[in-house]
Amino acid sequence: MMATVKCTYESCDQWFPSEREMQLHKYIDEKHDYCRRCDYDGTSWDDLLQHKIDAMAPYLFELKKLEREDKKKGKKIMHVVCEFCGEEFKTWSGRDKHRTQVSQSLLVLRLHGPRKGR
Ligand SMILES: [Zn+2]
Ligand SMILES: [Zn+2]
Ligand SMILES: [Zn+2]
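Residues numbered from 1 in each chain as written. Chains lettered and ligands numbered in written order. Predicted model: local features only at pLDDT ≥ 70, side-chain atom pairs only at ≥ 80, totals over all residues.

Caption draft 1: Highlighting the overall build of the protein chain. Helix and strand counts for the protein chain stand at three helices and four strands. Residue burial in the protein chain is summarised as follows: out of 118 residues, 5% are buried. (Helix = DSSP H or I, 4+ residues; strand = E, 2+ residues; numbered from the N terminus. Buried ≥ 20, exposed ≤ 12 C-beta atoms within 10 Å, placed from the backbone.)

Caption draft 2: Broad picture of the environment of E83. Looking at where E83 falls in the secondary structure, it is placed in the loop between α2 (45–73) and α3 (92–112). Along the sequence, E83 and R99 sit 16 residues apart, while their C-alpha atoms lie 9.7 Å from each other.

Caption draft 3: Spotlight on α2. Helix length check: α2, at 29 residues, gives a terminal C-alpha distance of 29 Å against a target of 42 Å (1.5 Å per residue), a shortfall beyond 12%. Of all bends in α2, the biggest is about 115°, found at E62. Within two residues after α2, G74 carries a phi angle of roughly 70°, on the positive side. (Expected span 1.5 Å × (residues − 1). Bend = angle between axes of the 7 residues up to and from the residue.)

Caption draft 4: Region of the structure containing unusual backbone geometry. Of note in the backbone geometry, D39 takes a positive phi value of approximately 55° without being a glycine. With respect to the secondary-structure elements, D39 resides in the loop between β3 (33–35) and β4 (40–42). Of the residues examined, D39 has 11 C-beta atoms within 10 Å and is grouped as exposed.

Caption draft 5: Here's a closer look at the environment of K52. Mapped onto the elements, K52 comes out in helix α2. For the pair K52 and H79, spaced 27 residues apart in the sequence, the C-alpha separation amounts to 5.7 Å. Those residues in contact with K52 that sit more than four places away from it in its chain are H79 and V81. (Contact = placed C-beta atoms within 7 Å.)

Caption draft 6: Structural context of the environment of P58. Relative to the elements of secondary structure, P58 occurs in helix α2. For the pair P58 and M78, spaced 20 residues apart in sequence, the C-alpha separation works out to 9.2 Å.

In structure tokens:
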């Protein structure tokens, strides 16, 4: 098999027999911050996180409407992500649960953290 497709990251000079395999490489290679769902080449972990947040943001306000539209188009581009740690979830309730845990531990930190002297 001939390798005819180059990795789209300029810094990477690996070649692959097909687009599919090239995308799989970007997905599994730790050097690449690639979003497989949107075929988005992130330049850094932060950039990829920002991409996910941007994709998620409209859904926070118009979830039902946008979900209906995705269904019509037969394609789902939504990301459900925690903007603090970048973790992704399959469901909104999974994200909510995670965020409750995180905010609780932040609260604990605030309650028991070092006191500021007056
Ligand atoms: Zn690559
Ligand atoms: Zn994406
Ligand atoms: Zn988180």
